[in-house]
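Architecture at a glance
For reference, the chains in residue letters:
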Amino acid sequence: MVTTKARKWIGVLVYREFDGNIYMGEVINYCGETKLYKIDYENDVFEEVDYEELQQIVAPPTLVFEYLERIDPR
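Cut-offs used in this document
- Residues numbered from 1 in each chain as written.
- Predicted model: local features only at pLDDT ≥ 70, side-chain atom pairs only at ≥ 80, totals over all residues.
- Heavy atoms only, no water.
- Buried < 20%, exposed > 50% of the residue type's maximum accessible area, 1.4 Å probe, protein only.
- Helix = DSSP H or I, 4+ residues; strand = E, 2+ residues; numbered from the N terminus.
- Arc of directions from axis to C-beta.
- Contact = heavy atoms within 4.5 Å.
- Core = buried A, V, L, I, M, F, W, Y, C linked by side-chain atoms within 4.5 Å.
- Pairing = 2+ DSSP bridges.

**Examining helix α3 (residues 61-71)**
Every buried residue of α3 is accounted for by Leu63, Val64 and Tyr67. Projection of α3 onto a plane perpendicular to its axis shows the buried side chains occupying an angular sector of 100°, all on one side. Looking at α3, the residues exposed on the side facing more than 90 degrees away from the buried face are Pro61, Thr62 and Phe65. Here the buried face of α3 lies against β1 (13-18) and β2 (21-31).

**A look at the nonpolar core**
Membership of the largest hydrophobic core is limited to 11 residues, which are Ala6, Trp9, Val14, Val27, Tyr30, Tyr37, Ile39, Tyr41, Val49, Leu54 and Ile57. Breaking this core down by element, the ones donating at least two residues are β2, β3 (36-41) and α2 (51-57). A per-element tally of this core places β3 first, with 3 residues. In contact with Val49, not counting residues within four places along its chain, are Arg16, Lys35, Leu36, Tyr37, Ile39 and Leu54. Membership of the second largest hydrophobic core comes to 6 residues, among which are Leu13, Met24, Ala59 and Tyr67.

**So, the pairing of β2**
Direction of pairing for β1 relative to β2: antiparallel, over a ladder of 6 bridges. Its bridge partner lying in β2, Tyr15 is registered against Met24. Counting the residues in the hairpin turn of β1 and β2 gives 2 residues, including Asp19, whose phi is positive at 50°. Where β2 hands over to β3, the hairpin turn is made up of 4 residues, of which Lys35 adopts a positive phi near 60°.

This is the structure:
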């Protein structure tokens, strides 16, 4: 069962650098057994991170805006 604290992080946008490029990702799941959040990045990479690491990679508003404009420029 996903706790309320963990549930509020699902859907949050994060960012990470891979091979010199910054990629956006989204928290898609939480595992109560391992206490890890699963992230799906736009370059088809998946990663699991703990709460402390998740806090460090939350995307700042400027990156979120740029990402949203890129994927849906309407």
